[in-house]
2 protein chains.
Amino acid sequence: MKVNLNQLKEEFKKYLKRKNMKITQSRLDLIDLLASYGKHFEVEELVNWVSSRTDRRVSRSTIYRTIKLLQEFGAIKEVIKQNNRTIYEFVVGKPHHDHLVCVECGRIIEFVNEDIENLQDEVCKEYDFEPMNHRLEIFGICSDCRRKNI
Amino acid sequence: MKVNLNQLKEEFKKYLKRKNMKITQSRLDLIDLLASYGKHFEVEELVNWVSSRTDRRVSRSTIYRTIKLLQEFGAIKEVIKQNNRTIYEFVVGKPHHDHLVCVECGRIIEFVNEDIENLQDEVCKEYDFEPMNHRLEIFGICSDCRRKNI
DNA sequence: TATCTTAATGAAAGTCAATCTCAATCAGCT
DNA sequence: AGCTGATTGAGATTGACTTTCATTAAGATA
Ligand SMILES: [Mn+2]
Ligand SMILES: [Mn+2]
Ligand SMILES: [Zn+2]
Ligand SMILES: [Zn+2]
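Parameters and conventions
- Residues numbered from 1 in each chain as written.
- Chains lettered and ligands numbered in written order.
- Predicted model: local features only at pLDDT ≥ 70, side-chain atom pairs only at ≥ 80, totals over all residues.
- Heavy atoms only, no water.
- Least-squares fit on C-alpha atoms with pLDDT ≥ 70 in both.
- Contact = heavy atoms within 4.5 Å.
- Salt bridge = Lys/Arg side-chain N within 4 Å of Asp/Glu carboxyl O.
- Domains from an automatic or database assignment.
- Buried area = accessible area lost by both parts, 1.4 Å probe.
- Polar contact = N/O pair within 3.5 Å; in protein donor to acceptor, adjacent residues only side chain to side chain.
- Helix = DSSP H or I, 4+ residues; strand = E, 2+ residues; numbered from the N terminus.

**Some words on the relation of the copies chain B and chain A**
What relates the pair of chain copies is a rotation about an axis plus a shift along that axis.
Turning to step 1, where the next piece is worked out: The transform that puts chain B on chain A rotates by 180 degrees and translates by 0.0 Å along the axis, for an RMSD of 0.1 Å. The symmetry that links the two subunits is that of a two-fold axis. In terms of C-alpha distance to the rotation axis, chain B has Leu136 of chain B as its closest residue, with the C-alpha 2.2 Å off the axis.
Turning to step 2, where the next piece is worked out: Comparing interface residues between copies, 100% of those in chain B also sit at the interface in chain A, which points to an isologous, same-surface contact.

Printed below as a string of structure tokens:
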């Protein structure tokens, strides 16, 4: 579960070189920032958080561009699409998992279920479909919110 | 699988009365149109299609408002959220199912898997989470597109 | 049926996430 | 240090969706 940040950055540098892209300070900074954020996040939230750490400014444009890049690289995933908001997660060093989303308080519960994963693979085989990624979102009411509502 | 449209409309009328809302021509027309559309759809697509049938004009605003209403009523579901587009489906008379989405050609394959559904319920029990609805989207490449790419 | 009250509608304006544009800057090769 | 092309930031733009508000229609009442 522990991420070797330096190793990750080295891999990212190789990835950038392979794509003839430049290793810039902004890109490396964002990896650091994302690795230390430790929560599911929305881009706008990240923009604010990054600009609050005044050490070095990174523009909104660059943050959007780098998030897309890190998604292709595989360090970040879109985990929830609700209303018209996208919630992301830094997934390096985290095993794959899916999410329960409380529609009342927004709480996000992570779960792992190997059986569901295997069944998905079976379904894909059945339809001769090559899966690349998936998103299972279960929307409902968490225990805390149910207790409050009584 | 066969939907009794009149019965559906009667239920929708009751639903509207319960909510002190009016039974309007636009609302009834949209149920007819949606029931006859027979495909997954995006709102903008529906707006165009509806306005191409010149029998009676319904504005974009009303279409958006009615789609939201029909979602609450349960006749329509958001089935895919990708990029910043939402794909809907008229679900009356259709058993619950999930989707494989080809990221190359946009093809949507529907599948039913009771085992996955049951496992989801188990997960929810485990976390004392009351599920309301869920969305399982598997993104990948369909067989046709894989053949083309060889 | 005519009248009245209130919800629904349409057109246009507004919102908001995300993308694009382009001049200035930076990475990194020589 | 100088060169070349990728990257950046600020602001403009897009596109899906929502809101506003004057007008219209539903449907209850008499
Ligand atoms: Mn997660
Ligand atoms: Mn479907
Ligand atoms: Zn909750
Ligand atoms: Zn395809």
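Having seen the model, we can carry on.
**Notes on the pattern of salt bridges**
Once their charged atoms are close, side chains differing in charge can pair, the charge on each being opposite to the other.
Turning to step 1, where the next piece is worked out: One pass over the structure, following the stated rule, counts 30 salt bridges over all chains.
Turning to step 2, where the next piece is worked out: Here Arg135 of chain A and Glu137 of chain A are joined by a salt bridge, their closest N and O atoms 3.8 Å apart.
Turning to step 3, where the next piece is worked out: Look at the salt bridges and you will find they share partners, linking Glu78, Lys81, Arg135 and Glu137 of chain A together with Glu78, Lys81, Arg135 and Glu137 of chain B into a network.

**Focus on the domain arrangement of chain A**
Interface size, as often reported, equals the accessible area lost upon joining of the parts.
Residues and elements named next belong to chain A.
Turning to step 1, where the next piece is worked out: Under the domain assignment used here, chain A contains domain 1 (1-93) and domain 2 (95-150).
Turning to step 2, where the next piece is worked out: Between domain 1 and domain 2, the contact holds ten residues from the first and ten residues from the second.
Turning to step 3, where the next piece is worked out: Across the domain 1/domain 2 interface, buried area totals approximately 880 Å², and carbon plus sulfur atoms make up 60% of it.
Turning to step 4, where the next piece is worked out: The three residues of domain 1 that bury the most area against domain 2 are His40, Ile80 and Gln82, which together make up 44% of that side's buried surface.
Turning to step 5, where the next piece is worked out: Linking domain 1 to domain 2 there are one salt bridge.
Turning to step 6, where the next piece is worked out: One salt bridge connects Glu78 with Arg135, and the closest N-O pair in it is separated by 3.3 Å.
Turning to step 7, where the next piece is worked out: Our count for the contact surface shared by domain 1 and domain 2 stands at six residue pairs in polar contact (both at pLDDT 80 or more).
Turning to step 8, where the next piece is worked out: Where the side of domain 1 that touches domain 2 is concerned, the elements lending two or more residues are β1 (76-82) and β2 (85-90).

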